[in-house]
Amino acid sequence: MAAVSESPFSLDSYHVSEELGFILRDPLEELPPYYQPWMDIALRVPELVHSHELRLHINRMPLLSTQYLQKHRELRLAHLALSVMTMGYSWQEGENNTVEMLPRNLAVPYWEVSQRLGLPPILTHADAVLANWRKKNPEGPFDMENLELLLSLPGGDSVRGFFMVTLLVELAAVPALRNIPAVINGVRCGDTEAVAGALEDISQSIQDMTDALKLMHVYVEPSVFYGIMRIYLSGWKDNPSMPNGLVYEGVQTEPMEYSGGSAAQSSLLHCFDELLGVKHEAKSGAFLTRMRDYMPPKHKQLIQDISSQPSLKNFVQQQASERLNQAFQHCITKLLHLRSYHINIVSRFITVPAARARQLRDRNQDSEGEMISRAPTALEERGTGGSGIMIFLKTVRDQTKEAFLSERRTEMNHQN
């Protein structure tokens, strides 16, 4: 039988770069001069929220046409600016005095820019992390000291810390992304050594992601994250503070519901899960699948295309290669460690402050823990994406264990 001629799998058509992966290369810092009214407000969101004047400024903003936004990077910066304004506008007064309608002068251009990008009209991981950075020294390194945000939200240095550490996690994953085509092409042509080598690089890269994530403890203050920042990352789906969603005035009369930003909107783990055959069942799987609608369309397409390739796991099981077997098991082990570490972070930044806030409220002690007791009660057990966070993360971690080849899975299950 003649071999099917198939062009090699490549990342070229998915807006993924060899150096930066899913990160937007050199995001623009300015929009064309016509859009200065947007940037003037977007750059001041934290201070205008603090003085309770943001809604006032946005209500007076001119309604601008989006026709002068031509290039992809212009659209990304416009989406980021409109997103930051929208989050500030919605949550300026905390969870109690929310709005039911986004004014037309913000809603209409936001909707149009979102449609052109294939993104939802809410702040996403693709905005806040992937397209929200600049180097202080353009020739300098891609590290915490040399990076800053283009636009921020209330929460001071912890906001920068949170988004920049997440950006460094994305950067640490780049070698893993680069090796995905080598795995797929190696499986297709039966090259055991090529697949094993690529998997070894992937497992090292996933370890580097976990190491980058550890910087959260250095750069983000848990009480600031919990007490100030979280609400500005929250959406209007599955959120008791905005049970009816949000009307985008001039777009449609019915309210719309969108989830807030979430680590589940990063394409990285979705790619690894599809490659390694990690299956997410029922509720957690449905949430993760829905989060793909919050990714740039090309990134979502990459995940789908990886999922339609021949099974790596079956390939590993069919080869009598100890090196390949080990390389595959190491990838699952590292992915499991990353997910366990993420649970540790969420516990420190959400679960522990939530318990402390409840304790303070029960005692009516506001002064000592003022910041965390101001935090929205509706979000105590939920992630900003709207999921019941601990149950969800533990389920996803446990489903990762199921991807081990059988002998290792038995061993892991005995340990837990």
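Here the residue index of a chain counts from 1 through its sequence in written order. Per-residue local features of the predicted model are confined to residues with pLDDT of at least 70, and side-chain atom pairs are confined, for both listing and counting, to 80 or more; whole-chain, interface and lining totals are unaffected and use all residues. Each side-chain value is derived from all of the structure's non-hydrogen atoms; neither hydrogens nor water enter the calculation.

Glancing now at the overall build of the chain. Secondary structure elements are taken from DSSP: a helix is a run of H or I of four residues or more, a strand is a run of E of two residues or more, and numbering for both begins at the N terminus. When you go through the chain residue by residue, the secondary structure sums to 19 helices and 4 strands. Here the chain has a C-alpha radius of gyration of 22 Å; the compact-globule value for 416 residues is 22 Å, and the two agree. Taken over the C-alpha atoms alone, the chain extends approximately 70 × 55 × 45 Å along its principal axes. Among the 416 residues that make up the chain, the fraction classed as buried is 56%. In this treatment the radius of gyration is a C-alpha quantity, and the globule benchmark scales as 2.2 Å times the residue count to the 0.38 power. The buried label applies to any residue whose accessible area, calculated with a 1.4 Å probe on protein chains only, is under 20% of its type's maximum; exposed applies above 50%, and partly exposed to all values in between.

Okay, the packing of helix 9 (residues 192–213) against helix 16 (residues 322–363) next. Think of two packed helices as two axes; the pair is described by the angle between the axes and how far apart they sit. Close contact between helix 9 and helix 16 brings their axes to 8 Å; oriented N to C, the two are set at 15 degrees. Between helix 9 and helix 16, the angle falls in the class roughly parallel. When you trace helix 9 past helix 16, the crossing you get is left-handed. Of the residues contributing to the contact of helix 9 with helix 16, the split by class is 15 nonpolar, 7 polar and 4 charged. Axis definition: a line fitted to C-alpha atoms, limited for helices to the stretch in contact. Angles are taken between N-to-C directions and run from 0 to 180 degrees. Roughly parallel means an angle under 35 degrees; roughly antiparallel means over 145; roughly perpendicular covers 65 to 115; every other angle is labelled oblique. Left-handed describes a crossing whose near helix is turned anticlockwise from the far helix by less than a right angle; the clockwise case is right-handed. Ten residues, namely Ala, Val, Leu, Ile, Met, Phe, Trp, Tyr, Cys and Pro, are considered nonpolar, four, namely Asp, Glu, Lys and Arg, are considered charged, and the remaining ones, Gly among them, are considered polar.

Turning our attention to the pattern of salt bridges. For side chains of opposite charge, pairing can occur when their charged atoms come near one another. We count a salt bridge whenever a side-chain nitrogen from Lys or Arg sits within 4 Å of a carboxyl oxygen from Asp or Glu. For the coordinates displayed, the defined rule picks out 14 salt bridges. Here D398 ties to K401 by a salt bridge, and the two come within 3.5 Å at their closest N and O atoms. Taken together, the residues span about one helical turn, with D398 and K401 both in helix 18 (residues 389–401) at a distance of 3 residues. Through salt bridges with shared partners, a single ionic network connects E29, R134 and E148.

This part takes up helix 5 (residues 104–117). A helix is expected to span 1.5 Å for every residue after the first. Across its 14 residues, helix 5 extends 20 Å between first and last C-alpha, which sits within 8% of the 20 Å expected from 1.5 Å per residue. Within helix 5, the full set of buried residues consists of N105, L106, A107, V108, P109, Y110, V113, S114 and L117. The inward-facing, buried residues of helix 5 abut helix 1 (36–42), helix 3 (54–59), helix 4 (72–91), strand 1 (101–102), strand 4 (247–248) and helix 14 (297–307). Among the residues trailing helix 5, G118 stands out with phi positive, at a value near 75 degrees. Residue contacts are defined here by distance: any two heavy atoms, one from each residue, within 4.5 Å place the two residues in contact.

For F315, the location among the structural elements is in helix 15 (residues 312–318). By relative accessible area, F315 is classed as buried at 6%. Measuring from C-alpha to C-alpha, the distance between F315 and D362 comes to 57 Å, with 47 residues separating the pair along the chain. Those residues in contact with F315 that lie beyond four places of it in its chain are G186, V187, G190, D191, T192, V195 and L324.

Turning our attention to the nonpolar core. Residues W38, M85, L153, L199, F272, L276 and L312 are the most contacted members of the largest nonpolar core, which totals 136 residues. At 16 residues, the largest contribution of residues to this core is made by helix 16. Among the buried residues, those of types Ala, Val, Leu, Ile, Met, Phe, Trp, Tyr and Cys that are joined through side-chain atoms within 4.5 Å form a nonpolar core.

Moving on, we come to the state of the cysteines. Any pair of cysteine sulfurs within 2.5 Å is marked as a disulfide. In total, this model carries 0 disulfides according to the counting rule given. No disulfide involves C331; its sulfur sits 14 Å from that of C271, the nearest cysteine. We classify C331 as buried; its relative accessible area is 0%.

What follows is about the packing of aromatic side chains. Only centres within 6.5 Å qualify two rings of Phe, Tyr or Trp (six-membered ring in Trp) as a pair; their planes then separate them into stacked at under 30 degrees, edge-to-face at over 60, and tilted for everything else. Under the counting rule described, the total for this entry stands at 10 aromatic pairs. Residues F287 and F392 carry aromatic rings whose centres are separated by 5.0 Å and whose planes lie at 80 degrees to one another, so their mutual orientation is edge-to-face. One end of the pair, F287, is in helix 13 (residues 282–291); the other, F392, is in helix 18, with 105 residues separating them in the sequence. As far as burial versus exposure is concerned, F287 and F392 are alike and both buried. Aromatic ring contacts, followed pair by pair, group Y34, Y35, W38 and Y68 into a single cluster. Charge-over-ring contacts are defined here by two conditions on Lys NZ or Arg CZ: a distance within 6 Å of the ring centre and an angle within 35 degrees of the ring normal. Above the plane of the ring of Y89 lies R55, whose end atom (NZ or CZ) is 5.8 Å from the centre. The ring of Y341 has K214 lying over it, and the distance from NZ or CZ to the ring centre is 5.9 Å.

Positive phi, normally seen in glycine, also occurs at D26, with a value near 40 degrees. D26 sits in the partly exposed class, given a relative accessible area of 47%.

Its place among the elements puts L276 in helix 12 (residues 267–276). Since its relative accessible area comes to 2%, L276 is described here as buried. Distance in space between the C-alpha atoms of L276 and L312 is 6.4 Å, their sequence separation being 36 residues. Filtering out sequence-adjacent residues up to four positions away, L276 remains in contact with L199, L312, F328, C331, I332, L335 and A403.

This part covers the environment of M256. The residue M256 is located in the loop between strand 4 and helix 12 in this model. Judged by its relative accessible area of 9%, M256 is buried. Note: C-alpha distance between M256 and W236 (20 residues apart in sequence) is 7.9 Å.

Tracing the chain through its elements places H79 in helix 4. A residue is classified by how much of its surface remains accessible, and H79, at 0% relative accessible area, is buried. Residues in contact with H79, not counting those within four places in the same chain, are Y110, V113, S114, L117, L119, P120, P121, I122 and D127.

Spatial relationships are all this shows, so hold off on functional conclusions.
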